[in-house]
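A look at the structure
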Amino acid sequence: MPKITVPLGPQHPALKEPGSFMLSLEGEEIKDAVLRLGYNHRGVEKAAEARNYVQNIYLLERVCGICSHAHATAYVHNVEEIAQLEVPQRAKAIRMIVGELERLHSHLLWLGVAGHEIGFDTLFMYSWRDRELVLDALEEISGNRVHYSMNSIGGVRRDMSNEQIKKVLGILKTLEKRIKYYITVGTEESTILARTQGVGVLPKDEALKRCATGPQGRASGVDRDVRRDNPYLLYDKVDFKVITQDSCDVFGRLVVRALEMVESCKILKQVLENMPSGDIAVKAPIKIGPGEAVNRYEAPRGEDIHYLKANGTDVPARVKVRAPTLANFESVAYMLEGDTLADAPLIIAAIDPCFSCTDRMSLVQTGTGKSGIMSFKELRAYSIEEYKKKGIDFSKL
Amino acid sequence: MARPLRAWRELVKNLFRKHVTGQYPHTKPVIDKNYRAKILFDANKCIGCNICVRNCPADAIKIIQVNQDEKPTEVDGKTIPAKRKFKCVIDLAKCVYCGQCTDGCPVKALSSSQDFELAHFNREALIDEMKHPYETESKKK
């Protein structure tokens, strides 16, 4: 049988963001997959070097629309570590509440997208309806539905009133019922089982070899969670379980995410019922450092790593972001091999990809054996030259 | 037999449920009073410290002095320079509505409103110029 190469992306109705998947097919079966990123590069890390520490909170929050609090908190942790600021307990609790609500929102959104990819659009409608409840809670606490902007250097920007706490607890009660319903639907509904069981298999040893993190790794039996293994905020004071599954397929990822929502509700209840009192922020200096810091944060999609180098001025010397999708992306090629073309969108969606978070620039010049750092001017001249070869002139921009 | 029955039960329940989605332009959504939308400016309070300009992540806000030509007054033989007066110009197309300017303002001259319907066909209409009363008064003169 002749091999056919089918390009899935960079622009494709099955993908929510641009990423390229070149699939070599033999009949319906995928024999080989070549993945390519880089269609959504925004230069966030470089832009961060031109802004002060306060401006950078909002810039790094926009690395991702869904894990916005995760990126902002990881960055703020770094700044606080270098400046040696003691964050008040109440601020930590509020950060945790927003973080866990964000996880609920992200997992409900993923459940909807997975339902849509499976062809079960009722599940998509139901779970996005309930996601609206979480977004309402976030709007009430922070003042926005998606970019919460709760962090400031040294604490949080807004306090939570008793009425807000009561309202969020009420929303959680409704959500718990709904999540239970989704768990029954997800584990009993024959259409879901038929589309997810045995699809996109990633064994534990492969998951470890390819550095899978978050729900993707936990569904392959990798028992890792930053919240438990390297606790930040108040995670060492709350009781929760790290959910793992051994089925290693898309079904396992669905179950892990559904059960993680139950755990998130449990964490939220514990924090909301025992809110520490006191200040919500300490005063932060304008100039930070010099110093370096690395911090990890368990974002809804997996482990998020931030690095910060400060040089004593009001702007950072270097910011580095390792978004969780970059870690999970490596395993997609393995999962696609051996599955059918019809399952490809679902397998890609199962890692909960966010390509624009992941896109980073690295320059590799093959053959010359040279390595070095390019300045912005050199990089610009190089890119103009490259595009001229393709017939596009950017020199006037 | 159990599955079709369950589906029917869900269907009948949904017949009597209220709509979750709102009919947006006809019925306005309920916006929380904490919501951060269009920024309002109180010209009489502004002292021109420029903290908002320095910390704006989108470079959207400008504070401009409007009374450079105002002459100093003389009281008991002493010349007292005129109090500096400022207007605020916000580019609503650039603004990300984070509300950092309202948080950082030491005299609370800036505040967030709940006005979220800001879309416009014309880019220039998005430049929101909040004048100081002095400007309009001096023009009348």
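One can find the structure itself at the top, above this paragraph.
Residues numbered from 1 in each chain as written. Chains lettered and ligands numbered in written order. Predicted model: local features only at pLDDT ≥ 70, side-chain atom pairs only at ≥ 80, totals over all residues. Heavy atoms only, no water.

1. Looking at the packing of aromatic side chains
All names here are of chain A. Applying the stated criterion across every chain, the model contains 10 aromatic pairs over all chains. Judged by centre distance (5.1 Å) and plane angle (55°), the rings of Phe124 and Trp128 are tilted. Linking Phe124 with Trp128, this pair stays in helix 5 (residues 121–142), spanning four residues, or about one helical turn. Positioned above the aromatic ring of Tyr126, the side-chain terminus of Arg129 is 4.7 Å from the ring centre. It is Lys390 that lies over the ring of Tyr387; its NZ or CZ is 5.0 Å from the centre. (Phe/Tyr/Trp six-rings, centres within 6.5 Å; stacked < 30°, edge-to-face > 60°. Helix = DSSP H or I, 4+ residues; strand = E, 2+ residues; numbered from the N terminus. Lys NZ or Arg CZ within 6 Å of the ring centre and 35° of its normal.)

2. Concerning the state of the cysteines
Residue and element names in this part refer to chain B. By the definition in use, this model includes one disulfide over all chains. Left unpaired, Cys95 is separated from the closest cysteine sulfur, that of Cys101, by 6.5 Å. The class of Cys95 is buried, set by a relative accessible area of 16%. (Disulfide = S-S within 2.5 Å. Buried < 20%, exposed > 50% of the residue type's maximum accessible area, 1.4 Å probe, protein only.)

3. Regarding unusual backbone geometry
All names here are of chain A. At the junction of Gly289 and Pro290, the peptide bond is cis and its omega measures out at 5° in the coordinates. With respect to the helices and strands, the residue Pro290 is situated in the loop between helix 11 (250–273) and strand 6 (291–299). The phi torsion at Ser149 lies on the positive side, around 50°, for a residue other than glycine. Summarising the element assignment, Ser149 is placed in the loop between helix 5 and strand 4 (151–152).

4. Focus: the sheet that holds strand 7 (residues 127–130) of chain B
Residue and element names in this part refer to chain B. Pairing in this open sheet of three strands is antiparallel, and the strands run 2-5-7 from one edge to the other. Looking at strand neighbours, the two that pair on one side only are strand 2 (61–65) and strand 7, the edges of this open sheet. Strand-to-strand twist across the sheet, computed as the mean angle between neighbouring axes with direction ignored, equals 20°. (Pairing = 2+ DSSP bridges. Axes fitted to C-alpha atoms, helices over the stretch in contact; angles between N-to-C directions.)

5. What about the side chain of A:Ser142?
Turning to its location among the elements, A:Ser142 is positioned in helix 5. Reaching out from A:Ser142, the side chain makes a polar contact with the backbone oxygen of A:Asn144 at a distance of 3.2 Å. The contacts of A:Ser142, once residues within four sequence positions are left out, are A:Tyr148, A:Met150, A:Arg158 and B:Arg36. (Polar contact = N/O pair within 3.5 Å; in protein donor to acceptor, adjacent residues only side chain to side chain. Contact = heavy atoms within 4.5 Å.)

6. Some points on the packing of helix 6 (residues 162–188) of chain A against helix 11 of chain A
Residue and element names in this part refer to chain A. It is at 10 Å that the axes of helix 6 and helix 11 come closest, and there the two elements cross at 160°. Between helix 6 and helix 11, the angle is such that the two are roughly antiparallel. You can see that helix 6 and helix 11 cross each other, and the crossing is left-handed. Together, Ile165, Val168, Leu169, Leu172, Glu176, Ile179, Ile183, Gly186 and Thr187 of helix 6 and Phe251, Leu254, Val255, Ala258, Leu259, Met261, Val262, Cys265, Leu268, Lys269, Leu272 and Glu273 of helix 11 make up the contact between the two elements. Residue composition of the contact of helix 6 with helix 11, by class: 16 nonpolar, two polar and three charged. (Parallel < 35°, antiparallel > 145°, perpendicular 65-115°, else oblique. Left-handed = near helix turned anticlockwise from the far one by under 90°. Nonpolar A, V, L, I, M, F, W, Y, C, P; charged D, E, K, R; others polar.)

7. Let's talk about the interface of chain A and chain B
Counting from both sides, the interface comprises 24 residues of chain A and, opposite them, 21 residues of chain B. Summed over both partners, the interface of chain A with chain B comes to about 1,900 Å²; 35% of that surface belongs to carbon and sulfur atoms. Summed over the shared surface of chain A and chain B, the result is one salt bridge. Going through the elements one at a time, helix 2 (53–61), helix 5 and helix 6 of chain A are the ones with two or more residues in the side of chain A that touches chain B. By residue number, the principal contributor to the side of chain A that touches chain B is helix 5 of chain A, which donates five residues. Considered class by class, the residues forming the side of chain A that touches chain B number six nonpolar, nine polar and nine charged. (Buried area = accessible area lost by both parts, 1.4 Å probe. Salt bridge = Lys/Arg side-chain N within 4 Å of Asp/Glu carboxyl O.)

8. Digging into the pairing of strand 7 of chain B
All names here are of chain B. Only one face of strand 7 is covered, namely the one carrying Asp128 and Met130; the face carrying Ile127 and Glu129 has none of its residues buried. As paired strands, strand 5 (residues 86–91) and strand 7 are joined by four bridges and run antiparallel to one another. Bridge assignment links Val89 to a residue of strand 7, and that residue is Glu129.

9. With respect to the sheet that holds strand 3 (residues 29–36) of chain A
All names here are of chain A. Ordered in space as 1-2-3, the three strands form an open sheet in which the pairing is antiparallel. Looking at the sheet topology across the chains shown, the edges are occupied by strand 1 (4–8) and strand 3. Strand after strand, the sheet turns through a mean of 25° between neighbouring axes, direction not considered. In this sheet, strand 2 (residues 20–26) lies alongside strand 1 in antiparallel orientation, the contact comprising five bridges. Residue pairing for strand 2: Ile4 is matched across the bridge by Leu25. With respect to the sheet, helix 12 (residues 324–336) is in contact with strand 2 and strand 3, its orientation differing from that of strand 3 by roughly 160°.

10. Details of the environment of A:Gly112
Residues and elements named next belong to chain A. Among the structural elements, Gly112 can be located in helix 4 (residues 89–118). Take Gly112: its relative accessible area is 0%, and that puts it in the buried class. When the C-alpha positions of Gly112 and Arg129 are compared, they lie 9.5 Å apart, and in sequence the two are 17 residues distant. The contacts of Gly112, once residues within four sequence positions are left out, are Phe124, Ser127 and Trp128.

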